[in-house]
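So the chains spell out like this:
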Amino acid sequence: MKTQLMQNETQMSSGKKSNSTPSILVTFLKQDKDNKKSPLTWVTPSVAQSLENINIASFFKAAKNETTLIRGVSYKSYQGVMLAGMGSEKFDQESWRQMGGALMKAIKANKLSHVTFLFDGLESFLPQDLGAMTEGLCLGAYDFNQLKTASKESSEVTFNFVATAFKNKEYKTSFDQAQMVAESVNESRRLGDLPGNYLPPRVLALEAQKLFKGLPKTKVTVWDKKRIEKERMGGLLTVGKGSAEDPRFIIIEYKGAAVSEKPIVLVGKGLTFDSGGISIKPSAAMEEMKYDMCGAANVIGALHAVAKLGLKVNVVGLIASAENMPSHTAVKPGDVYTSRNGKTVEVNNTDAEGRLVLGEALVYASELSPQLIIDAATLTGAMAVALGNLYTGYFTKNLELKADIEKAAKVSGEWVWNMPLCDFHSEDMKGIYADLSNISSGKGAGSSTAAAFLEQFVGQDKKGNKIPWAHFDIAGTAWAVGNRLNYCPSKGASGVMVRTFLEIIKSKV
Ligand code: BES
Ligand code: ZN
Ligand code: ZN
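It should be emphasised that the depicted structure is a prediction, and the values quoted were computed from it without experimental measurement.

Orientation of helix α8 (residues 294-309) relative to helix α14 (residues 498-506), taken along the N-to-C sense of each, is 45°, at an axis distance of 9 Å. Considering their axes alone, α8 and α14 lie oblique with respect to each other. Where α8 crosses over α14, the two elements pack in a sense that is right-handed. Note on element contacts: α14 touches α8 through V498, F501, L502, I505 and K506, opposite N298, G301, A302, A305, V306 and L309. Grouping the amino acids of the contact of α8 with α14 by side-chain chemistry returns eight nonpolar, two polar and one charged.

Okay, here's the thing in structure tokens:
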């Protein structure tokens, strides 16, 4: 995908295009519901003049995200015009993001290769709007077809973005940053979409090393099973025991600020496949458990974006990765292990494994004197039942952090919902034979009790205060978000929360 920002069309090279690569102009239209004679308002009236002979209102309503391609009309040097509807209501940044996604769908469906967007004429089009639109477009461009042998059609498209306002350099900054962010989300999606056999913990670690290679101020360290044993990460070892593929602990450091600046630590659940182990899952939809590493992919994506943008902040990403399999070496229900923080845990259901690996990463995170810890995990089926696939549930007892999360999600356009977490939930996670049980003794609130289990592994700062911590359960939103979001694949990994985490981090710069 090639992109270019320009102030007017004369700068374009597309005029010289041969006829075999038709160049399409995208123009925006609004609805004017009160005007019965002319229900459409053209943002660029000069384009309207060239289409005078066509009764556009008879087939195009300009509803939000509606697109129609009219081929064969001649306007300037274009061989076609694509109409894009903006509806009649307020058009905010998320609207632009959705618009970018909707346009990309239409561009793919029509197999277009040269597309020019004309933004002149819009009442207001801020740098952030251009950023959101570009983000939607680039996120919408994501395809996962690397495992298909049949013709991998190249989706190479050249995009020209035209507006006189682009002489203001804030547009260029917003445009460039949006592409970097979308690239990071798409990297996260790619990892999510890779099947379990292509991406065991060993390969996830290699992928992380590959992705950050050459990025300034970043360092990736990978701990193998031996080192994990030495580090006493009992929960991670316990989960990985049943698999022929050893677990890995991955540390991604980004140093964008002075050493004295406390880092923000992101923690990700990296179950490259979750069969449930001895407490094996039913076979229906078990293949979806290749996505059980989306928390890890999400942390990788967020750190990648931070590094690409060169933010002046210190961030550490920690990924606890294992494959949960049943075998003669696997952990058995009733087994007890000791965590890095000394607590003992009864494993009463081997399918509640995410909390075991995350616990160890949270203990390690707490040792890094962080300013805050955020984790992402496809942790509980109960989360998907409670909130579905649009809202991500998050848990925190820290009100300041809660406010930061809400603000960040407003900017990113991702949907989050604060979930309950209190001391009663912790009560339910007490063990009979050990300090803790990995499943609740009570009924219901499975996502809250899972969060309460994780909380047992978050430490205190030097003054004895609880380290600010938030847990994001992305079980419902990490993949298969349906057709609601134009810039998200309906079936595959969504890359959810990469952009929200990035906004939280940006707010700390
Ligand atoms: N990876 C699953 C959670 C999950 C399930 C995510 C479905 C997305 C869709 C997790 O490891 C798990 O199996 N959790 C159990 C916990 C239970 C045994 C207490 C669950 O949610 O059923
Ligand atoms: Zn599980
Ligand atoms: Zn799991």
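Quick look at the site of ligand 1 now. Close contacts around ligand 1 come from 16 residues, with D274, K281, D351, E353 and G381 the closest. Separating an oxygen atom of ligand 1 from a side-chain N or O atom of D351 is a distance of 2.8 Å. Note that an oxygen atom of ligand 1 is positioned 2.7 Å from one of the backbone N or O atoms of G381. Burial of ligand 1 by the protein chains amounts to 76% of its free accessible area of 510 Å². Along the lines of polarity and charge, the residues of the shell around ligand 1 split into five nonpolar, four polar and seven charged.

For the rest of this paragraph, the subject is the coordination of the zinc ion (ligand 3). The zinc ion (ligand 3) binds to the protein through K269 (NZ), D274 (OD), D292 (OD) and E353 (OE); the donor distances cover 2.0 to 2.4 Å. Taken together, the six donor atoms coordinating the zinc ion (ligand 3) and their angles of 77 to 173° define a geometry best described as octahedral. For the zinc ion (ligand 3), the single-chain donor residues occur in sequence as K-x4-D-x17-D-x60-E. In this structure, the zinc ion (ligand 3) is positioned 3.2 Å from the zinc ion (ligand 2), and both are ligated by D274. You can see K269 sitting in strand β10 (residues 264-274) and its partner D292 sitting in the loop between β10 and α8, a full 23 residues away along the chain. Taking relative accessible area as the criterion, D292 reaches 2% and is therefore assigned buried.

Another point: the domain arrangement of the protein. Taken as a whole, the protein is organised into domain 1 (2-164) and domain 2 (182-506). When each unit is reduced to the centre of its C-alpha atoms, the spacing between domain 1 and domain 2 is 38 Å. Counting residues at the interface gives 17 residues for domain 1 and 20 residues for domain 2. Of the roughly 1,500 Å² buried between domain 1 and domain 2 on both sides combined, carbon and sulfur atoms contribute 59%. Ranking the residues of domain 1 by area buried against domain 2 places Q98, L139 and Y142 at the top, with a combined share of 39%. At the surface where domain 1 touches domain 2, the tally comes to one salt bridge. A salt bridge links R499 to E135; its shortest N-O distance comes to 3.2 Å. For the interface between domain 1 and domain 2, the tally reads ten residue pairs in polar contact (both at pLDDT 80 or more). Looking at the side of domain 1 that touches domain 2, the elements with two or more residues in it are α2 (93-109) and α3 (127-140).

Let us look at the pattern of salt bridges. With the rule as written, the count across this model stands at 27 salt bridges. D335 is the partner of K332 in a salt bridge, and the nearest nitrogen-oxygen pair spans 3.3 Å. With a closest N to O distance of 2.7 Å, K508 and D404 form a salt bridge. Of the two residues, K508 sits in the segment after α14 while D404 sits in helix α11 (residues 399-412), which places them 104 residues apart along the sequence. When its relative accessible area of 28% is taken as the criterion, K508 is described as partly exposed. Salt bridges here are not isolated pairs; linked through shared partners, they connect E94, R97, E135, E414 and R499.

Parameters and conventions
- Residues numbered from 1 in each chain as written.
- Chains lettered and ligands numbered in written order.
- Predicted model: local features only at pLDDT ≥ 70, side-chain atom pairs only at ≥ 80, totals over all residues.
- Heavy atoms only, no water.
- Axes fitted to C-alpha atoms, helices over the stretch in contact; angles between N-to-C directions.
- Helix = DSSP H or I, 4+ residues; strand = E, 2+ residues; numbered from the N terminus.
- Parallel < 35°, antiparallel > 145°, perpendicular 65-115°, else oblique.
- Left-handed = near helix turned anticlockwise from the far one by under 90°.
- Contact = heavy atoms within 4.5 Å.
- Nonpolar A, V, L, I, M, F, W, Y, C, P; charged D, E, K, R; others polar.
- Near = heavy atom within 4 Å.
- Polar contact = N/O pair within 3.5 Å; in protein donor to acceptor, adjacent residues only side chain to side chain.
- Areas by Shrake-Rupley, 256 points an atom, 1.4 Å probe, with all protein chains shown as cover.
- Donors = N, O, S within 2.8 Å, 3.2 Å for Na, K, Ca; no water.
- Tetrahedral: all angles 85-135°; square planar, octahedral: opposite > 155°, others 65-115°.
- Buried < 20%, exposed > 50% of the residue type's maximum accessible area, 1.4 Å probe, protein only.
- Domains from an automatic or database assignment.
- Buried area = accessible area lost by both parts, 1.4 Å probe.
- Salt bridge = Lys/Arg side-chain N within 4 Å of Asp/Glu carboxyl O.

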